[in-house]
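Structure assessment
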Amino acid sequence: MQPMNRLAAVLFALVFSFFFASSHAATISPLEERLAKLEQAASAGPSISSGDNAWMLASSALVLMMTAPGLILFYGGLVRRKNVLATMMHSLVLMAVMSVLWVVYGYSMAFSEGSPFFGGLSYFFLKGVGTTPNSDYAATIPHQTFMLFQMMFVIITPALISGAVAERMKFSAYLLFMILWVTIVYLPLAHMVWGKGGLFNWALGGKIPVLDFAGGTVVHISSGVSALVCAIVLGRRTGYPQEPMMPHNVVYSLIGTGLLWVGWFGFNAGSALGAGELAVSAFAATHFSAAAGALGWMGLEWLLKRRPSVLGAASGMVAGLATITPASGFVTIPSALLIGLCGGIVCYLAVAHLKAKFGYDDSLDVFGVHGVGSTVGMILLGLLASPSVNPLIVNTFKRGDQVVSLAGSGGQLLNQLIGIALTAALSAIATFLILAVLKATVGLRVTDEEEFVGLDLTQHGERAYND
Amino acid sequence: MKKIEAIVKPFKLQEVKEALNELGIQGMTVIEVKGFGRQKGHTEIYRGNEYTIDFMPKVKIEMVLPDSQIDAAVEAIVKAGKTGKIGDGKVFVTPVSDAIRIRTGERGDEAV
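Residues numbered from 1 in each chain as written. Chains lettered and ligands numbered in written order. Predicted model: local features only at pLDDT ≥ 70, side-chain atom pairs only at ≥ 80, totals over all residues.

**Digging into the confidence of the model for chain A**
Applicable threshold: The predictor attaches a confidence to each residue, and that confidence, scored 0 to 100, is pLDDT. Think of it this way: build a C-beta for each residue from its backbone, and any pair within 7 Å is a contact.
Looking at chain A as a whole, its pLDDT mean stands at 93, while 92% of the residues score no less than 70. Segment residues 18-26 of chain A is flagged for pLDDT under 50; beyond a separation of four residues in sequence, or across chains, it makes zero contacts in the model.

Structure, rendered in structure tokens:
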């Protein structure tokens, strides 16, 4: 360093430290005054942590990114080129529809106090959902941040189902179905698992303590089982499975996979509702499960089909992510690796063999990946939930006056199975009824000719690729 | 005047074109086509599900030549396009009744 520069640096440091010391001295007040301020802050109730709030706003944006462009590209690449836009629209339009629904009654039905099965209407049109934290759900972030974060879930969950109805469902019927499905299936389930007083809410007065950190039941099993019912009721795409219906652009699907993986950090680590230790462990579990899921799927496919396909590795990643969703925030990293590996293997078998054996056309494998994967995750969580990761599970849930541990055990496994069974039953029955009503009124499928020409042109009047 | 339609493997197109150029043949039309013969297709696997792809990508070369050049051209195509494996393609030769060059109005052998 030049002598002049060094001199300047020393001078700068001196001046800086002088200002710092003087300003610091000015803030020191008498001890009583400082104590009084401290007491006032403590009695004022929960206060907003800007760190937590920053992470939760970022997480909300990450979860929205999973839908667009994550799922849009993932699903869009998997269909034939005449149905790309229609498939992308299935996810895109829900960003608009579900956001409005959430404002009007969705948030209220899911998260205001009500019965063990439904919320009430006290947050109708987001009445009272302002910047003051709701300390039942998240004491350190504005209530509105919590509401926004949860809204991103109500967008992506029905969008997941769209993979099962791809390439053949009438757009008007699709919209009506999704509005009814969210109202009858998603909102009650979200209330049961996460809402105050919900049947399964182990931390806020539920009766059956089901562990589900980020939506294994509410998001993945509900959408997966409903997707299966949709695929069966709608029937196969014309020509399936005799005609080859290959993905028209695997590259899109791979880009979508990357966006889903990154977005999933918001989904799972964001479900810690803060930026503390729990967010870190959920983040780590998410990542390692995705890695193990990819290896599980790819390895098995390599063994059985003699080729490690790229789409297979990507599908394994998504399977690993769907599998860890309920368990992240409750399990250790080695457990996460095990859960992801099981997810990759079981989902491969479901997609490659179960589907072929029963002959249903779950076009983009929503049931095989999300339904099956998260069921595996929920079951393993019952055995692997660890108080070292989440101490609340051993000292929070009370049955009568007695505190009951929810750590991994046979007892907790039973609770998880009840959660899975009720979620699957509600999803299957409600989906079937909604589809039956729509089939009798507006009709579910496009005509054979429209299906042959493609939904892009017949439903939306556009083509994805014009030269 | 006859038309040659030759269906060859896409990766042999360059060699076939060069062989024809060496004979002094001045032009041709090339079309990307799909089809199958004895070679049948291949299988592709997506998410563990195997799909049989019947139609293989090929290129079709079309030329109309004076009768005097036909035998040499066919021989050049067969020689350059051959790998000896199944799926090398076929050459068809058909008579053509007339040809017109649009720019000048020339007809017959003058036009090709």
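Text resumes after the structure shown.
**Description of the sheet that holds strand E5 (residues 56-65) of chain B**
Residues and elements named next belong to chain B. Stated formally: Here a strand pair is declared whenever DSSP counts at least two bridges between the two strands. Strands are runs of DSSP state E lasting at least 2 residues, helices are runs of H or I lasting at least 4, and numbering of each runs from the N terminus. Here the axes come from fitting lines to C-alpha atoms, over the contacting stretch only for helices, and the angles between their N-to-C directions go from 0 to 180 degrees.
The antiparallel open sheet is built from four strands, whose spatial order is E2-E5-E1-E6. Each edge of the open sheet carries a strand with a single partner, namely strand E2 (29-35) and strand E6 (89-95). Direction aside, neighbouring strands of the sheet carry axes that sit 20° apart on average. Across seven bridges, strand E1 (residues 2-8) lies against E6 in antiparallel orientation. Bridging across to E6, Lys-2 finds its partner in Pro-95.

**Overview of helix H9 (residues 277-305) of chain A**
For the record, the criterion: Here a helix's expected span is defined as the number of its residues, less one, multiplied by 1.5 Å.
Taking 1.5 Å as the rise per residue, H9 of chain A with 29 residues should run 42 Å; its terminal C-alpha atoms sit 42 Å apart, in good agreement. Looking one or two residues past H9 of chain A, Arg-306 of chain A carries a phi angle of roughly 65°, positive in sign.

**Focus on the environment of Gly-235 of chain A**
Residue and element names in this part refer to chain A. Rules: For the exposure call, what matters is how many other C-beta atoms sit within 10 Å of a residue's own: 20 or more marks it buried, 12 or fewer exposed, and in between partly exposed, using C-beta atoms placed from the backbone.
You can see Gly-235 is positioned in the loop between helix H7 (216-234) and helix H8 (250-269). The partly exposed category is assigned to Gly-235, around which 13 C-beta atoms lie within 10 Å. With 210 residues separating them along the chain, Gly-235 and Arg-445 place their C-alpha atoms 9.1 Å apart.

**A look at the nonpolar core**
Keep this limit in mind: Here a nonpolar core is just a set of buried residues of the types Ala, Val, Leu, Ile, Met, Phe, Trp, Tyr and Cys, joined wherever their C-beta atoms sit within 7 Å.
If you look at the biggest cluster of nonpolar residues, it comprises 152 residues, and the most contacted ones within it are Ala-327 and Val-331 of chain A. It is helix H6 (residues 171-194) of chain A that contributes the most residues to this core, 14 residues altogether. Non-local contacts of Ala-327 of chain A, meaning those with residues more than four positions away in its chain, are made with Phe-213, Ala-285, Ile-339, Gly-377, Leu-380, Leu-381 and Leu-384 of chain A. Residues Ala-19, Leu-20, Met-63 and Ile-77 of chain B belong to the second largest nonpolar core, which totals 13 residues.

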